[in-house]
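Observations on the three-dimensional arrangement
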Amino acid sequence: MKDEKRSQDVTVFLKIMDRGFNLSVPIEQEKYYRKGYEYFKRIVNKYKERNHDEIEAIALTSIDCIVALQRSYEQLDEQRALLEKRMDDWNLKMEKALMKG
């Protein structure tokens, strides 16, 4: 039987409005939760400074995050397609060079 390496979990505390959440996350992902939470709080505060109440600010920040994630996926897909095209072009050039030789 294969020996599986199991990731250890750590607890990350997040506070949303008046509620706190202790999330158990894989240790290698802890930094993403902490950075993401700090970013989320900054954006929520920006919306609150624009006179949105807390629930509106959280909702708008959530939408911003989803849009940013969708945009990142789209950019990743475009980069992947470009890389595939370049690899296909490279393979074609290599095939032609090998056939000449």
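Going by the structure above, here's the rest.
In this report, the structure presented in the accompanying data block is examined. (Residues numbered from 1 in each chain as written. Predicted model: local features only at pLDDT ≥ 70, side-chain atom pairs only at ≥ 80, totals over all residues. Heavy atoms only, no water.)

**A look at the overall build of the protein**
Of the regular secondary structure elements, the protein holds two helices and two strands. The order of helices and strands in the protein, counted from the N terminus, is β-β-α-α. Taking 13 Å as the expected radius of gyration for a compact globule of 101 residues, we find that the protein reaches 23 Å, considerably beyond that expectation. The C-alpha extent of the protein, read off along each of the three principal axes, is 70 × 50 × 15 Å. Of all intrachain contacts in the protein linking residues separated by at least 6 positions in sequence, the fraction that spans at least 24 positions is 14%. (Helix = DSSP H or I, 4+ residues; strand = E, 2+ residues; numbered from the N terminus. Rg over C-alpha atoms; globule rule 2.2 N^0.38 Å. Contact = heavy atoms within 4.5 Å.)

**Describing a nonpolar patch on the surface**
A surface patch of nonpolar side chains, amounting to about 370 Å² of accessible area, comprises Phe21, Leu23, Tyr32 and Tyr33. Elements represented by at least two residues in the nonpolar patch include exactly β2 (19-26) and α1 (30-49). Among the structural elements, tyrosine 33 can be located in helix α1. (Patch = residues over 30% accessible without salt bridge, like charges linked within 9 Å, V, L, I, M, F, W, Y side chains within 5 Å. Areas by Shrake-Rupley, 256 points an atom, 1.4 Å probe, with all protein chains shown as cover. Salt bridge = Lys/Arg side-chain N within 4 Å of Asp/Glu carboxyl O.)

**Focus: the environment of valine 10**
Inspection of the secondary structure puts valine 10 in strand β1 (residues 9-16). In this structure the C-alpha to C-alpha distance between valine 10 and asparagine 91, which are 81 residues apart in sequence, comes to 46 Å. Not counting the four nearest positions on each side in its chain, valine 10 is found in contact with Leu23, Ser24, Val25, Ile27 and Glu30.

**Quick word on the nonpolar core**
By size, the foremost hydrophobic cluster in this structure holds six residues: Phe40, Ile43, Val44, Tyr47, Ala57 and Ile58. Top element by residues in this core is α1. It accounts for four residues. What phenylalanine 40 contacts, discounting residues up to four positions off in sequence, is Ile16, Ile58, Thr61, Ser62 and Cys65. Core analysis: the second largest hydrophobic core is formed by five residues, Val10, Leu14, Val25 and Tyr37 among them. (Core = buried A, V, L, I, M, F, W, Y, C linked by side-chain atoms within 4.5 Å. Buried < 20%, exposed > 50% of the residue type's maximum accessible area, 1.4 Å probe, protein only.)

**Some points on the environment of aspartate 53**
One can find aspartate 53 in the loop between α1 and α2 (54-100). Overall, aspartate 53 belongs to the partly exposed group, its relative accessible area being 41%. For aspartate 53, the side chain forms a polar contact with the main-chain nitrogen of isoleucine 55, separated by 3.2 Å. One polar contact links the side chain of aspartate 53 to the main-chain amide nitrogen of glutamate 56, over a distance of 2.8 Å. (Polar contact = N/O pair within 3.5 Å; in protein donor to acceptor, adjacent residues only side chain to side chain.)

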